[in-house]
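Understanding the architecture of this molecule
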Amino acid sequence: MVTSERFDRHAKYLRLLSEHFPTQQAVFTEIINLQAILNLPKGTEHFMSDLHGEYEAFMHILNNCSGVVREHVDEIFGNELSDQEKADLCTLIYYPHEKIALAHDAHRDSPTWYKAMLDELIAVARRLSSRYTRSKVRKAIPHEYAYIIDELLHTHPDENNYRVRYHERIIDSILETGSTEDFISSLAELIKRLAVDHIHLVGDIFDRGGGAAKIMDRLLLCTHQRLDIQWGNHDILWMGAAAGEEACVISVLRNNLRYGNYEILENDYGISLRELVSFADRTYRAGERITPLMKAVNVLLFKLEGQIIQRHPEFDMEGRLLLENIDLEAGTVRLENGTWPLATRDFPTLDPEHPYELTASEQRIVDKLVSEFTGSDHLRRHVEFLFRHGSMYLVRNGNLLFHGCVPMNEDGTFASMNCEGTWRSGRDYLDFCDRIARRAWRDHDRAALDWLWYLWIGYRSPASGRYVKTFERSYLEDQATWAEPMDPYFALTHEVSACDAILREFGVQPEHGHIINGHTPVKTKSGEKPIRAGGKLLVIDGGFCSAYHPRTGIAGYTLISSSRGMRLKAHEAFTTVAAAIERNADIQSETDHFARAERPIMVSDTDTGAEIRDQIQDLRLLLDAYRTGALEER
């Protein structure tokens, strides 16, 4: 029975709720439905990090769900199919149009082959659909064949086999109408949507590889799976550039010029470098190790960064004001640990009296580039997606996800940062970083834009967490000067106590919680392990980016969390889509089942389960209101 005082407190909400459930019968039905959902297996979560523009490798991992599809195929067909047949089926699921074209060219695409493929795909889809409500499966079915697929998924033998014959007639009609390829493609898409319920991208979609825009375009299509992104420093850099922060714009240019990714700038986002190239060629000397274009970009960057550092003493980055320490006549620069020879003396726009001021020509170039970035509709759509689906961190199902670190002191306490006059640390600091990033995108005020740059590169930034030596890497030959000290977090979190403190700070129970982050490639070939502190910390940056493969020895880690527990996947390098299609060259992965569930994990055990129980409680209050007459049924 609901008391009048309790009803008054919830009256407005219950009236709104009654619009969706206007009768006692409607409330009964929804409570029964929600109770049933609590007893379904937990949906599979797929964690990836540090994609760095590697589009083909990302798409293959997305298509094979880090091996989840192959696991289901093996379980369903066992010894019924040969290894070759199961590999063919998996590749058909990953790349249906391409695999069918290959079968056609080899004259294997007979009606018998098509019927066998359809039967096998339906068997896989039926198994996966059993883990969800029929309503959720219907929403995941591609629209074009929704009714037919729904019928096929729920066809079971009856006394006279009417339903089986009905099923067979549907298959025959698909073959007769010539719609087989599209139908197979729809089934394959459904299987991939059902294999993974939730995708977590733990930062750094952008830079290094040239396919970041294609990855973002693909993510925009992930409307049938839950998706979240924890911003990495490279993502924040592009967010800052799209918002018009000048140093972020120049940093994006520098990163992509270093890795030869002109196409993402000009072809994908329509950003012209013509005026910058012309300025560099007429201003800087050619014939040195550093090209005129990189010389121009470097000087623009260090001038703009210097202006930010001077505006924000709280960033504590005065040690990066190095243009004022250059001796042009001697060709040297003074650092904290001595004086070092420069790789060039070619600094024609540097005024020793005002080293961080742009010349009139430089200012025109910067203004033009900022206009190019802020005016790119394609980039704006991608950055709006990052803000809509992203955050600095996420707590979900006992896991704490963030890209880089939680800044710490050597003694294991959380490091404090002066955030616009208020000192913040731990979760409070990361919440501030999230808010100010959104403010920069919304309001474009100078202070918030400067903070976006700091989040990209600052030592106490949770997305960066290292003392970045861009100047030294640009101008000094001696690589001893390139070493970049890391935040104490990265050493401390090898120990259980530090991980437990971080989990508690974010409201996660340490007994069963995990920290999941990327950012620092795991050098597997040197003996580094991705599972640290007794399983409390999982570092899933194993080197998706091809530039890292020589250092890491693998091509990335991904993480799977399902009703069976958690398992880490270590992937070998992806070859090509052509090899995957022609030779079934799937990415080979080693699986580490490091957190097996003692019993199947159900929806009731998850955050979604807690939300459903809250919904059930609200529905019970509405039911009481109907029964007592406090609200009238409609």
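The structure we're discussing is the one just above.
Numbers given to residues run from 1 along each chain, matching the order in which its sequence is written. This being a predicted model, a pLDDT of at least 70 is required before a residue's local features are given, and a value of 80 or more before pairs of side-chain atoms are given or counted; all residues contribute to the totals for chains, interfaces and linings. Side-chain numbers come from the whole structure's heavy atoms, not from hydrogens or water.

Secondary structure assignment for the chain yields 27 helices and 17 strands. For the radius of gyration, the atom set is restricted to C-alpha positions; the globular benchmark scales as 2.2 Å times the number of residues to the power 0.38. Its C-alpha atoms give the chain a radius of gyration of 28 Å, within 12% of the compact-globule value 26 Å for 634 residues. Overall, the C-alpha framework of the chain stretches about 95 × 75 × 45 Å when taken along its three principal axes. What makes two residues a contact is simply this: any of their non-hydrogen atoms within 4.5 Å. Contacts in the chain between residues at least 24 apart in sequence constitute 72% of all its contacts with a sequence separation of at least 6. Positive and negative charge centroids in the chain, built from 72 and 96 side chains respectively, lie 3 Å apart. Think of it this way: any DSSP run of H or I at least four residues long counts as a helix, any run of E at least two long counts as a strand, and we number them from the N terminus. When charges are counted, neither His nor the chain ends are considered; positive counts come from Lys and Arg and negative counts from Asp and Glu. Where a charge lies is defined by one atom per residue type: Lys uses NZ, Arg uses CZ, Asp uses CG and Glu uses CD.

A few words on the pattern of salt bridges. Salt bridges are defined as contacts in which a side-chain nitrogen from Lys or Arg sits within 4 Å of a carboxyl oxygen from Asp or Glu. What the rule picks out here adds up to 38 salt bridges. Between E71 and R567 there is a salt bridge, with its nearest N and O atoms 2.5 Å apart. Of the two residues, E71 is situated in helix α4 (residues 68-77) and R567 in strand β16 (residues 565-571); the sequence distance between them amounts to 496 residues. The buried label applies to any residue whose accessible area, calculated with a 1.4 Å probe on protein chains only, is under 20% of its type's maximum; exposed applies above 50%, and partly exposed to all values in between. By relative accessible area, R567 is classed as buried at 5%. With a shortest N-O distance of 2.4 Å, K536 and D500 are connected by a salt bridge. Separated by 36 residues along the polypeptide, K536 in the loop between β13 (531-532) and β14 (537-539) and D500 in helix α24 (residues 496-505) bring together distant segments of the chain. A residue is classified by how much of its surface remains accessible, and D500, at 14% relative accessible area, is buried. Salt bridges linked by common partners bring E245, E246, R311, R446 and D450 together as one network.

Across a sheet, paired strands are connected by hydrogen bonds in the backbone, their directions being either parallel or antiparallel. Between any two strands, at least two bridges found by DSSP are needed for them to pair. In spatial order, the strands read β8-β9-β12-β14-β13; together these 5 strands make up an open sheet with mixed pairing. Two strands close off the open sheet at either side, each with one partner strand: β8 (393-396) and β13. Looking at chain direction, β8 and strand β9 (residues 399-402) are connected through 4 bridges and run antiparallel. The residue bridging L394 from the neighbouring strand is L401, located in β9. Axis definition: a line fitted to C-alpha atoms, over the contacting stretch in the case of helices. Angles run 0 to 180 degrees between N-to-C directions. Strands β9, β12 (514-517) and β14 of the sheet are contacted by α24, whose axis makes an angle of about 90 degrees with β12.

This part takes up helix α20 (residues 426-443). Helix span is expected to be 1.5 Å times the residue number reduced by one. With 18 residues, α20 extends 26 Å between its outermost C-alpha atoms, agreeing within 8% with the 26 Å of an ideal straight helix rising 1.5 Å per residue. Every buried residue belonging to α20 is among G426, Y429, L430, F432, C433, D434, I436, A437, A440 and W441, and all of these are buried. Once α20 ends, the next one or two residues include H444, with phi positive near 60 degrees.

Judged by nonpolar contacts, the single largest core of 179 residues is most densely connected at L201, I205, L219, F373, W451, W453 and I502. At 11 residues, helix α17 (residues 292-311) tops the list of elements feeding residues into this core. Excluding its chain neighbours within four sequence positions, the residues that come into contact with I205 are L51, H52, G53, A212, I215, M216, L219, I229, D235 and L386. Only buried residues count toward a nonpolar core, which is a set of Ala, Val, Leu, Ile, Met, Phe, Trp, Tyr and Cys residues joined through side-chain atoms within 4.5 Å. Residues L34, I37, L38 and L623 belong to the second largest nonpolar core, which totals 19 residues.

Let us look at the pairing of strand β3 (residues 226-230). In summary, the side chains of a regular strand alternate between the two faces of the sheet. Burial of β3 is extensive: 4 of the 5 residues sit out of reach of the surface. In the sheet, strand β2 (residues 198-201) pairs with β3 via 4 bridges, with the strands oriented parallel. By the bridge assignment, I199 is partnered in β3 with L227. Handedness of a crossover: with both strands directed away from the viewer, a clockwise path from the first strand across the helix to the second marks it as right-handed. Tracing the backbone out of β2, into helix α12 (residues 212-219) and back to the parallel element β3 gives a crossover that is right-handed. Where β3 lies against strand β7 (residues 390-391), 2 bridges are found, and the strand directions are parallel. Across the sheet, the residue bridging to I229 is G390, located in β7.

This paragraph deals with α12. Burial within α12 is extensive, with 6 of its 8 residues counted as buried. The complete set of buried residues in α12 reads A212, A213, I215, M216, R218 and L219. Packed against the buried residues of α12 are α3 (55-64), α11 (180-195), β2, β3, α15 (262-268) and α19 (377-389).

So, on to the sheet that holds strand β5 (residues 332-335). Ordered by their spatial adjacency, 3 strands build an open sheet running β4-β5-β6, and the pairing between neighbours is antiparallel. Sheet topology places β4 (326-327) and β6 (338-341) at the edges, where each strand pairs with a single neighbour. Across 4 bridges, the pairing between β5 and β6 is antiparallel. For L335, the partnering residue across the bridge sits in β6 and is G338.

Moving on to the packing of aromatic side chains. Think of a pair of aromatic rings as described by two things: how far the centres are apart, and how the planes are tilted against each other in angle. Aromatic rings from Phe, Tyr and Trp, taking only the six-membered ring of Trp, are treated as a pair when their centres fall within 6.5 Å; an angle between ring planes under 30 degrees marks them as stacked, one over 60 as edge-to-face, and anything in between as tilted. Under the criterion given, the structure shown has 18 aromatic pairs. Taken together, a centroid distance of 6.5 Å and an interplanar angle of 90 degrees make the contact between Y94 and Y95 edge-to-face. For Y95, a relative accessible area of 6% corresponds to the buried category. Their ring planes at 85 degrees and their centres at 5.2 Å tell us that F315 and W451 sit as a pair that is edge-to-face. Placement of F315 in the loop between α17 and β4 and of W451 in helix α21 (residues 446-457) is noted, with a sequence separation of 136 residues between them. W451 carries the same exposure label as F315, and that label is buried. Aromatic rings pair up to connect F206, W238, Y269 and F373 into one cluster.

With that settled, consider the side chain of R131. If you trace the backbone, R131 turns up in the loop between α7 (111-129) and α8 (134-140). There is no salt bridge for the buried R131, and the closest opposite charge comes from E75, which lies 7.0 Å off by N-O distance. Other than its neighbours up to four places away in sequence, R131 contacts L40, P41, K42 and S563.

Tracing the chain through its elements places S66 in the loop between α3 and α4. Judged by relative accessible area, S66 falls into the buried class, the value being 0%. It is 8.0 Å that separates the C-alpha atoms of S66 and L559, two residues lying 493 residues apart in sequence. The term polar contact refers here to a pair of N or O atoms within 3.5 Å; inside protein, the definition further demands a hydrogen-donor-capable atom paired with an acceptor-capable atom, and it admits residues adjacent in sequence only when both atoms are side-chain atoms. For S66, the side chain forms a polar contact with the side chain of T558, separated by 2.6 Å.

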